[in-house]
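One-letter residues, chain by chain:
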Amino acid sequence: MNKIAITGIKPTGIPHLGNYLGAIKPAIELSHNPEIDCLYFIADYHALNYIKSKEELIELTKEVACTWLACGLDPKKVVFYKQSQVPEVTELNWLLANVTSKGLMNRAHAYKALVEKSTAEGGDPDALVNMGLYNYPILMAADILLFNSKYVPVGADQKQHVEMARDIAKAFNKRYGYTFVVPEELINKKVATIYGLDGRKMSKSYNNTIPLFCDEAKLKKLISGIKTDSSLPTDPKSTDCAIFNLYKQFATATEVQNMADRFAVGVSWADAKAELFSVINREIAPMREKYNYYKNNYDIVEKLLADGNNRAQKIARETLKRARQSIGLDSNAII
Ligand code: TRP
(Lines give C-alpha, C1' and ligand atoms only; values in the text may rest on other atoms or scores of the structure.)
Protein backbone atom coordinates (compact mmCIF):
# COMPACT_ATOMS: atom_id res chain seq x y z
CA MET A 1 0.00 0.00 0.00
CA ASN A 2 1.20 3.50 -0.80
CA LYS A 3 2.51 5.68 2.01
CA ILE A 4 0.66 8.91 2.66
CA ALA A 5 2.07 12.43 2.70
CA ILE A 6 0.24 15.49 3.95
CA THR A 7 0.93 19.19 4.18
CA GLY A 8 -1.05 22.37 4.69
CA ILE A 9 -0.59 26.07 4.12
CA LYS A 10 -2.13 28.66 6.42
CA PRO A 11 -4.00 31.48 4.71
CA THR A 12 -2.25 34.18 6.72
CA GLY A 13 -0.46 36.07 3.96
CA ILE A 14 0.10 36.37 0.23
CA PRO A 15 2.32 33.42 -0.77
CA HIS A 16 5.88 34.53 -1.48
CA LEU A 17 9.01 33.07 -3.06
CA GLY A 18 10.14 31.66 0.29
CA ASN A 19 6.87 29.73 0.66
CA TYR A 20 7.16 28.51 -2.91
CA LEU A 21 10.74 27.28 -2.65
CA GLY A 22 10.56 25.99 0.91
CA ALA A 23 7.16 24.32 0.96
CA ILE A 24 5.07 24.38 -2.21
CA LYS A 25 7.58 23.31 -4.84
CA PRO A 26 8.97 20.34 -2.87
CA ALA A 27 5.41 19.22 -2.08
CA ILE A 28 4.42 19.33 -5.74
CA GLU A 29 7.54 17.37 -6.68
CA LEU A 30 6.70 14.76 -4.06
CA SER A 31 3.20 14.40 -5.49
CA HIS A 32 4.74 13.09 -8.71
CA ASN A 33 6.10 10.05 -6.85
CA PRO A 34 3.79 7.16 -7.83
CA GLU A 35 4.43 5.38 -4.54
CA ILE A 36 3.08 8.16 -2.38
CA ASP A 37 -0.51 9.37 -2.02
CA CYS A 38 -0.69 13.04 -1.13
CA LEU A 39 -3.17 15.25 0.64
CA TYR A 40 -2.56 19.00 0.40
CA PHE A 41 -4.82 21.46 2.11
CA ILE A 42 -5.59 25.01 3.14
CA ALA A 43 -5.08 25.24 6.90
CA ASP A 44 -7.78 27.81 7.56
CA TYR A 45 -8.53 26.69 11.13
CA HIS A 46 -4.87 27.36 11.86
CA ALA A 47 -5.16 30.88 10.51
CA LEU A 48 -7.79 31.90 13.04
CA ASN A 49 -5.44 32.91 15.81
CA TYR A 50 -3.85 35.40 13.44
CA ILE A 51 -6.41 36.58 10.89
CA LYS A 52 -9.26 38.37 12.55
CA SER A 53 -11.18 39.82 9.63
CA LYS A 54 -13.71 37.76 7.73
CA GLU A 55 -12.91 39.46 4.40
CA GLU A 56 -9.21 38.86 4.85
CA LEU A 57 -9.73 35.20 5.70
CA ILE A 58 -11.82 34.71 2.56
CA GLU A 59 -9.34 36.58 0.38
CA LEU A 60 -6.25 34.81 1.70
CA THR A 61 -7.95 31.41 1.46
CA LYS A 62 -8.54 32.17 -2.20
CA GLU A 63 -4.90 33.16 -2.62
CA VAL A 64 -3.63 29.91 -1.14
CA ALA A 65 -6.08 27.76 -3.11
CA CYS A 66 -5.18 29.40 -6.44
CA THR A 67 -1.48 29.20 -5.60
CA TRP A 68 -1.58 25.46 -4.94
CA LEU A 69 -3.26 24.84 -8.29
CA ALA A 70 -1.10 27.31 -10.21
CA CYS A 71 2.04 25.63 -8.88
CA GLY A 72 0.94 22.32 -10.35
CA LEU A 73 -1.16 20.52 -7.76
CA ASP A 74 -3.12 17.95 -9.76
CA PRO A 75 -6.45 17.51 -7.96
CA LYS A 76 -7.00 14.17 -9.68
CA LYS A 77 -3.93 12.78 -7.98
CA VAL A 78 -3.78 14.82 -4.80
CA VAL A 79 -6.63 15.13 -2.32
CA PHE A 80 -6.95 18.92 -2.28
CA TYR A 81 -9.17 20.25 0.48
CA LYS A 82 -9.99 22.99 2.92
CA GLN A 83 -9.35 22.02 6.54
CA SER A 84 -12.48 23.68 7.96
CA GLN A 85 -14.66 21.59 5.65
CA VAL A 86 -13.46 18.44 7.38
CA PRO A 87 -14.65 19.19 10.92
CA GLU A 88 -13.55 15.71 12.04
CA VAL A 89 -10.21 17.47 12.53
CA THR A 90 -11.60 19.32 15.53
CA GLU A 91 -13.03 16.20 17.11
CA LEU A 92 -9.72 14.42 16.81
CA ASN A 93 -8.08 17.55 18.21
CA TRP A 94 -10.06 17.02 21.40
CA LEU A 95 -9.22 13.33 21.65
CA LEU A 96 -5.53 14.09 21.18
CA ALA A 97 -5.58 16.91 23.73
CA ASN A 98 -6.17 14.28 26.38
CA VAL A 99 -2.95 12.43 25.66
CA THR A 100 -0.91 15.63 25.36
CA SER A 101 0.89 17.10 28.34
CA LYS A 102 0.78 20.82 28.96
CA GLY A 103 4.56 20.71 29.28
CA LEU A 104 4.87 19.64 25.66
CA MET A 105 2.88 22.66 24.53
CA ASN A 106 4.94 24.94 26.80
CA ARG A 107 7.99 24.01 24.73
CA ALA A 108 6.53 25.10 21.37
CA HIS A 109 8.73 27.75 19.72
CA ALA A 110 5.85 30.00 18.66
CA TYR A 111 4.36 30.02 22.16
CA LYS A 112 7.72 30.60 23.82
CA ALA A 113 8.51 33.49 21.50
CA LEU A 114 5.29 35.29 22.52
CA VAL A 115 5.93 34.67 26.21
CA GLU A 116 9.44 36.09 25.86
CA LYS A 117 8.15 39.10 23.95
CA SER A 118 5.53 39.94 26.52
CA THR A 119 7.89 39.35 29.43
CA ALA A 120 10.51 41.60 27.84
CA GLU A 121 7.88 44.32 27.55
CA GLY A 122 7.13 43.92 31.23
CA GLY A 123 3.71 42.36 30.63
CA ASP A 124 2.02 39.21 31.87
CA PRO A 125 3.84 36.26 30.22
CA ASP A 126 0.64 34.97 28.60
CA ALA A 127 -0.82 38.35 27.65
CA LEU A 128 -0.27 37.76 23.91
CA VAL A 129 -1.34 34.11 23.88
CA ASN A 130 -4.78 32.85 23.00
CA MET A 131 -5.74 29.20 23.28
CA GLY A 132 -5.80 28.80 19.49
CA LEU A 133 -2.11 29.57 19.45
CA TYR A 134 -1.38 27.46 22.51
CA ASN A 135 -3.19 24.42 21.14
CA TYR A 136 -1.92 24.93 17.60
CA PRO A 137 0.43 21.91 17.69
CA ILE A 138 -2.40 19.58 18.76
CA LEU A 139 -4.59 20.76 15.89
CA MET A 140 -1.70 20.16 13.54
CA ALA A 141 -1.21 16.67 14.98
CA ALA A 142 -4.91 16.06 14.29
CA ASP A 143 -4.43 17.10 10.65
CA ILE A 144 -1.59 14.69 10.25
CA LEU A 145 -2.90 11.67 12.21
CA LEU A 146 -6.41 11.86 10.81
CA PHE A 147 -5.15 10.81 7.38
CA ASN A 148 -2.72 8.07 8.45
CA SER A 149 0.12 10.19 7.14
CA LYS A 150 3.65 8.84 7.20
CA TYR A 151 5.37 11.86 5.67
CA VAL A 152 4.92 15.55 6.33
CA PRO A 153 6.82 17.69 3.82
CA VAL A 154 7.44 21.02 5.54
CA GLY A 155 9.99 23.79 5.87
CA ALA A 156 12.55 23.56 8.69
CA ASP A 157 10.47 25.96 10.82
CA GLN A 158 7.78 23.28 11.15
CA LYS A 159 10.07 20.48 12.30
CA GLN A 160 9.14 20.86 15.95
CA HIS A 161 5.42 20.67 15.17
CA VAL A 162 5.86 17.37 13.35
CA GLU A 163 7.98 16.04 16.21
CA MET A 164 5.12 16.92 18.54
CA ALA A 165 2.63 15.14 16.29
CA ARG A 166 4.89 12.13 16.50
CA ASP A 167 5.02 12.32 20.32
CA ILE A 168 1.24 12.66 20.46
CA ALA A 169 0.70 9.66 18.14
CA LYS A 170 3.01 7.55 20.28
CA ALA A 171 1.31 8.64 23.52
CA PHE A 172 -2.09 7.72 22.09
CA ASN A 173 -0.90 4.36 20.74
CA LYS A 174 0.75 3.58 24.08
CA ARG A 175 -2.38 4.31 26.09
CA TYR A 176 -5.01 2.81 23.79
CA GLY A 177 -3.17 0.39 21.52
CA TYR A 178 -1.91 0.95 18.01
CA THR A 179 -4.23 3.37 16.27
CA PHE A 180 -2.19 6.00 14.46
CA VAL A 181 0.62 5.87 11.95
CA VAL A 182 3.62 7.61 13.55
CA PRO A 183 4.57 10.44 11.17
CA GLU A 184 7.91 11.94 10.25
CA GLU A 185 8.90 15.27 8.76
CA LEU A 186 10.35 15.48 5.25
CA ILE A 187 12.55 18.51 5.13
CA ASN A 188 14.03 19.41 1.82
CA LYS A 189 17.72 19.85 2.58
CA LYS A 190 18.40 21.34 -0.84
CA VAL A 191 16.39 24.39 0.07
CA ALA A 192 18.43 26.29 2.60
CA THR A 193 17.21 29.57 4.01
CA ILE A 194 15.81 31.85 1.33
CA TYR A 195 16.91 35.45 1.72
CA GLY A 196 14.51 38.36 1.40
CA LEU A 197 14.81 41.92 0.08
CA ASP A 198 16.95 43.04 3.04
CA GLY A 199 19.25 40.00 3.08
CA ARG A 200 17.57 38.45 6.12
CA LYS A 201 15.46 35.26 5.92
CA MET A 202 12.47 35.92 3.66
CA SER A 203 9.54 36.16 6.02
CA LYS A 204 6.25 37.94 6.30
CA SER A 205 7.23 39.09 9.78
CA TYR A 206 10.29 40.91 8.41
CA ASN A 207 8.25 42.52 5.66
CA ASN A 208 10.94 41.61 3.14
CA THR A 209 9.11 39.18 0.87
CA ILE A 210 8.74 38.93 -2.89
CA PRO A 211 5.17 37.84 -3.68
CA LEU A 212 5.16 34.73 -5.85
CA PHE A 213 2.63 36.06 -8.33
CA CYS A 214 3.09 39.80 -8.51
CA ASP A 215 3.15 41.02 -12.12
CA GLU A 216 6.35 41.13 -14.10
CA ALA A 217 6.97 44.85 -13.68
CA LYS A 218 6.56 44.63 -9.92
CA LEU A 219 8.81 41.56 -9.77
CA LYS A 220 11.51 43.42 -11.68
CA LYS A 221 11.16 46.44 -9.42
CA LEU A 222 11.35 44.38 -6.23
CA ILE A 223 14.41 42.50 -7.44
CA SER A 224 16.16 45.72 -8.37
CA GLY A 225 15.48 46.91 -4.83
CA ILE A 226 17.20 43.96 -3.13
CA LYS A 227 19.78 45.32 -0.73
CA THR A 228 23.37 44.95 -1.91
CA ASP A 229 26.71 46.26 -0.70
CA SER A 230 28.39 49.26 -2.27
CA SER A 231 31.13 47.35 -4.09
CA LEU A 232 32.05 48.48 -7.61
CA PRO A 233 31.15 46.37 -10.67
CA THR A 234 34.81 45.40 -10.98
CA ASP A 235 35.10 44.22 -7.35
CA PRO A 236 34.90 40.47 -6.63
CA LYS A 237 31.74 39.65 -4.72
CA SER A 238 30.78 37.16 -2.07
CA THR A 239 28.16 34.65 -3.16
CA ASP A 240 26.69 34.77 0.35
CA CYS A 241 24.11 37.39 -0.55
CA ALA A 242 20.42 37.53 -1.38
CA ILE A 243 20.99 37.82 -5.14
CA PHE A 244 23.10 34.69 -5.43
CA ASN A 245 21.01 32.84 -2.85
CA LEU A 246 17.88 33.34 -4.96
CA TYR A 247 19.67 32.84 -8.27
CA LYS A 248 20.82 29.39 -7.15
CA GLN A 249 17.23 28.35 -6.59
CA PHE A 250 16.05 29.14 -10.10
CA ALA A 251 19.08 28.74 -12.36
CA THR A 252 20.48 25.56 -13.91
CA ALA A 253 23.75 24.10 -12.58
CA THR A 254 25.68 25.58 -15.51
CA GLU A 255 24.11 28.99 -15.01
CA VAL A 256 24.98 28.89 -11.32
CA GLN A 257 28.59 28.00 -12.12
CA ASN A 258 28.84 30.84 -14.63
CA MET A 259 27.36 33.30 -12.20
CA ALA A 260 29.75 32.15 -9.46
CA ASP A 261 32.64 32.79 -11.87
CA ARG A 262 31.33 36.27 -12.61
CA PHE A 263 30.97 36.99 -8.90
CA ALA A 264 34.60 35.95 -8.42
CA VAL A 265 35.92 38.41 -11.00
CA GLY A 266 33.36 41.15 -10.46
CA VAL A 267 29.91 41.75 -11.92
CA SER A 268 27.67 44.79 -11.60
CA TRP A 269 24.79 44.38 -9.23
CA ALA A 270 22.49 45.68 -11.96
CA ASP A 271 23.55 42.89 -14.32
CA ALA A 272 23.28 40.24 -11.61
CA LYS A 273 19.80 41.49 -10.74
CA ALA A 274 18.71 41.46 -14.38
CA GLU A 275 19.82 37.84 -14.68
CA LEU A 276 18.09 36.97 -11.45
CA PHE A 277 14.84 38.45 -12.73
CA SER A 278 15.15 36.48 -15.94
CA VAL A 279 15.60 33.08 -14.26
CA ILE A 280 12.84 33.69 -11.74
CA ASN A 281 10.41 34.91 -14.34
CA ARG A 282 11.23 31.99 -16.65
CA GLU A 283 9.93 29.61 -13.98
CA ILE A 284 7.11 31.72 -12.57
CA ALA A 285 5.53 33.17 -15.72
CA PRO A 286 3.58 30.06 -16.79
CA MET A 287 2.35 29.56 -13.23
CA ARG A 288 1.37 33.23 -12.97
CA GLU A 289 -0.88 32.76 -15.96
CA LYS A 290 -2.60 29.80 -14.32
CA TYR A 291 -2.88 31.72 -11.07
CA ASN A 292 -4.65 34.59 -12.80
CA TYR A 293 -6.95 32.15 -14.54
CA TYR A 294 -7.99 30.52 -11.26
CA LYS A 295 -8.41 33.86 -9.53
CA ASN A 296 -10.75 34.98 -12.28
CA ASN A 297 -12.61 31.67 -12.38
CA TYR A 298 -12.82 30.85 -8.71
CA ASP A 299 -15.97 28.77 -9.15
CA ILE A 300 -13.75 26.13 -10.77
CA VAL A 301 -11.51 26.11 -7.71
CA GLU A 302 -14.49 25.80 -5.41
CA LYS A 303 -15.76 22.77 -7.32
CA LEU A 304 -12.36 21.12 -7.09
CA LEU A 305 -12.25 21.81 -3.38
CA ALA A 306 -15.76 20.47 -2.82
CA ASP A 307 -14.68 17.19 -4.38
CA GLY A 308 -11.46 17.11 -2.33
CA ASN A 309 -13.34 17.92 0.88
CA ASN A 310 -15.54 14.88 0.30
CA ARG A 311 -12.64 12.59 -0.39
CA ALA A 312 -10.81 13.84 2.68
CA GLN A 313 -13.88 13.49 4.85
CA LYS A 314 -14.34 9.85 3.88
CA ILE A 315 -10.86 9.00 5.16
CA ALA A 316 -11.30 11.23 8.21
CA ARG A 317 -14.51 9.50 9.29
CA GLU A 318 -12.87 6.10 9.20
CA THR A 319 -9.87 7.15 11.25
CA LEU A 320 -12.01 8.97 13.76
CA LYS A 321 -14.20 5.91 14.19
CA ARG A 322 -11.11 3.83 14.82
CA ALA A 323 -9.80 6.33 17.38
CA ARG A 324 -13.15 6.51 19.20
CA GLN A 325 -13.26 2.75 19.36
CA SER A 326 -9.69 2.53 20.66
CA ILE A 327 -10.65 4.89 23.47
CA GLY A 328 -13.90 3.12 24.32
CA LEU A 329 -16.24 5.94 23.43
CA ASP A 330 -18.14 3.72 21.03
CA SER A 331 -17.92 0.58 23.11
CA ASN A 332 -21.11 -0.85 21.57
CA ALA A 333 -19.37 -0.99 18.28
CA ILE A 334 -16.71 -3.37 19.51
CA ILE A 335 -18.66 -5.63 21.87
N1 TRP B 1 1.72 24.88 10.71
C2 TRP B 1 1.93 24.85 9.30
C3 TRP B 1 2.57 26.18 8.87
O4 TRP B 1 2.54 27.13 9.58
C5 TRP B 1 0.65 24.66 8.54
C6 TRP B 1 0.01 23.35 8.84
C7 TRP B 1 -1.14 23.14 9.53
C8 TRP B 1 0.50 22.05 8.48
N9 TRP B 1 -1.42 21.83 9.62
C10 TRP B 1 -0.45 21.12 9.00
C11 TRP B 1 1.62 21.60 7.79
C12 TRP B 1 -0.27 19.75 8.83
C13 TRP B 1 1.79 20.21 7.64
C14 TRP B 1 0.84 19.30 8.14
O15 TRP B 1 3.08 26.28 7.81
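Residues numbered from 1 in each chain as written. Predicted model: local features only at pLDDT ≥ 70, side-chain atom pairs only at ≥ 80, totals over all residues. Heavy atoms only, no water.

Considerations on the overall build of the protein chain
And then number 1: The helix and strand tally for the protein chain stands at 15 helices and 5 strands.
And then number 2: For a compact globule of 335 residues, the expected C-alpha radius of gyration is about 20 Å, and the protein chain comes in at 22 Å, within 12% of that figure.
And then number 3: Residue burial in the protein chain is summarised as follows: out of 335 residues, 47% are buried.
And then number 4: Carbon and sulfur atoms make up 53% of the accessible area of the protein chain, which amounts to about 16700 Å² in all. (Helix = DSSP H or I, 4+ residues; strand = E, 2+ residues; numbered from the N terminus. Rg over C-alpha atoms; globule rule 2.2 N^0.38 Å. Buried < 20%, exposed > 50% of the residue type's maximum accessible area, 1.4 Å probe, protein only. Areas by Shrake-Rupley, 256 points an atom, 1.4 Å probe, with all protein chains shown as cover.)

Here's the deal with the packing of helix α1 (residues 17–31) against helix α11 (residues 242–250)
And then number 1: Relative orientation of the contacting elements α1 and α11 amounts to 40 degrees, with a least axis distance of 12 Å. Between α1 and α11, the interaxial angle falls into the category oblique. Remark: the crossing between α1 and α11 carries left-handed chirality. Along the contact surface, α1 presents Leu 17, Tyr 20, Leu 21 and Lys 25, while α11 presents Leu 246, Gln 249 and Phe 250.
And then number 2: Taken together, the residues of the contact of α1 with α11 sort by class into 5 nonpolar, 1 polar and 1 charged. (Axes fitted to C-alpha atoms, helices over the stretch in contact; angles between N-to-C directions. Parallel < 35°, antiparallel > 145°, perpendicular 65-115°, else oblique. Left-handed = near helix turned anticlockwise from the far one by under 90°. Contact = heavy atoms within 4.5 Å. Nonpolar A, V, L, I, M, F, W, Y, C, P; charged D, E, K, R; others polar.)

Structural notes on the environment of Tyr 293
And then number 1: Within the element layout of this structure, Tyr 293 appears in helix α13 (residues 269–296).
And then number 2: According to the relative accessible area criterion, Tyr 293 is partly exposed, its value standing at 41%.
And then number 3: Along the primary structure Tyr 293 and Lys 112 are separated by 181 residues, whereas in three dimensions their C-alpha atoms are 41 Å apart.

Quick word on helix α3 (residues 54–70)
And then number 1: In this model α3 runs 24 Å from its N-terminal to its C-terminal C-alpha over 17 residues, within 8% of the 24 Å that 1.5 Å per residue would give.
And then number 2: Where α3 starts, the residue carrying a side-chain oxygen 3.4 Å from the main-chain nitrogen of Glu 55 turns out to be Ser 53.
And then number 3: Gly 72, located one to two residues past α3, shows a positive phi value of around 110 degrees. (Expected span 1.5 Å × (residues − 1). Polar contact = N/O pair within 3.5 Å; in protein donor to acceptor, adjacent residues only side chain to side chain.)

A look at the pairing of strand β2 (residues 36–42)
And then number 1: Among the 7 residues that make up β2, 6 are buried, leaving the element largely enclosed by the rest of the structure.
And then number 2: Note that strand β1 (residues 3–9) and β2 share 7 bridges and pair parallel. The partner of Ile 6 across the bridge, within β2, is Leu 39.
And then number 3: For the crossover that starts at β1, traverses α1 and ends in the parallel β2, the hand is right-handed.
And then number 4: Bridge count for β2 against strand β3 (residues 79–82) is 4 bridges, and the pairing is parallel. Opposite Leu 39, over in β3, you have Val 79 as the bridge partner. (Pairing = 2+ DSSP bridges. Right-handed = clockwise from strand over helix to strand, strands pointing away.)

Quick notes on the pattern of salt bridges
And then number 1: Under the counting rule described, the total for this entry stands at 17 salt bridges.
And then number 2: Note that Glu 88 is salt-bridged to Arg 317, the shortest N-O span being 3.4 Å. On the criterion of sequence distance, the pair formed by Glu 88 in helix α4 (residues 88–97) and Arg 317 in helix α14 (residues 298–327) is long-range, its members being 229 residues apart. (Salt bridge = Lys/Arg side-chain N within 4 Å of Asp/Glu carboxyl O.)

Comments concerning the site of the ligand
And then number 1: As a structural note, the neighbourhood of the ligand is formed by 13 residues, with Lys 10, Tyr 136, Met 140, Asp 143 and Gln 158 the closest of them.
And then number 2: Taking Asp 143, its side chain carries an N or O atom lying 2.7 Å from a nitrogen atom of the ligand.
And then number 3: Its free accessible area being 360 Å², the ligand has 91% of it covered by the protein chains.
And then number 4: Considering each element in turn, the shell around the ligand owes the most residues, 4 residues, to helix α8 (residues 136–146).
And then number 5: A breakdown of the residues in the shell around the ligand according to their chemical character gives 7 nonpolar, 4 polar and 2 charged. (Near = heavy atom within 4 Å.)

Quick look at the side chain of Thr 7
And then number 1: Note that Thr 7 resides in strand β1.
And then number 2: Side-chain polar atoms of Thr 7 contact the backbone oxygen of Pro 153, separated by 2.8 Å.
And then number 3: The residues touching Thr 7, leaving out its near neighbours within four places in the chain, are Ala 27, Leu 39, Tyr 40, Phe 41, Trp 68, Pro 153 and Val 154.

What to know about the domain arrangement of the protein chain
Accessible area lost upon the coming together of the parts is a frequently used measure of interface size.
And then number 1: Annotation of the protein chain at the domain level lists domain 1 (3–192 + 298–327) and domain 2 (213–293).
And then number 2: One C-alpha centre belongs to domain 1, the other to domain 2; they are set 32 Å apart.
And then number 3: Listed by partner, the interface residues are 15 residues for domain 1 and 11 residues for domain 2.
And then number 4: Summing both sides of the interface, domain 1 and domain 2 together bury roughly 1100 Å²; the carbon and sulfur share of this comes to 62%.
And then number 5: Among the residues of domain 1 in contact with domain 2, Leu 17, Leu 21 and Ala 70 are the three that bury the most area, contributing 42% of the side total.
And then number 6: Scanning the region where domain 1 abuts domain 2 turns up 1 salt bridge.
And then number 7: Between Lys 25 and Glu 283 there is a salt bridge, with the nearest N and O atoms lying 3.0 Å from each other.
And then number 8: Summed over the shared surface of domain 1 and domain 2, the number is 3 residue pairs in polar contact (both at pLDDT 80 or more).
And then number 9: If you list the elements that add at least two residues to the side of domain 1 that touches domain 2, you get α1 and α3.
And then number 10: At 5 residues, the largest contribution of residues to the side of domain 1 that touches domain 2 is made by α3.
And then number 11: Here the residues of the side of domain 1 that touches domain 2 sort into 10 nonpolar, 2 polar and 3 charged. (Domains from an automatic or database assignment. Buried area = accessible area lost by both parts, 1.4 Å probe.)

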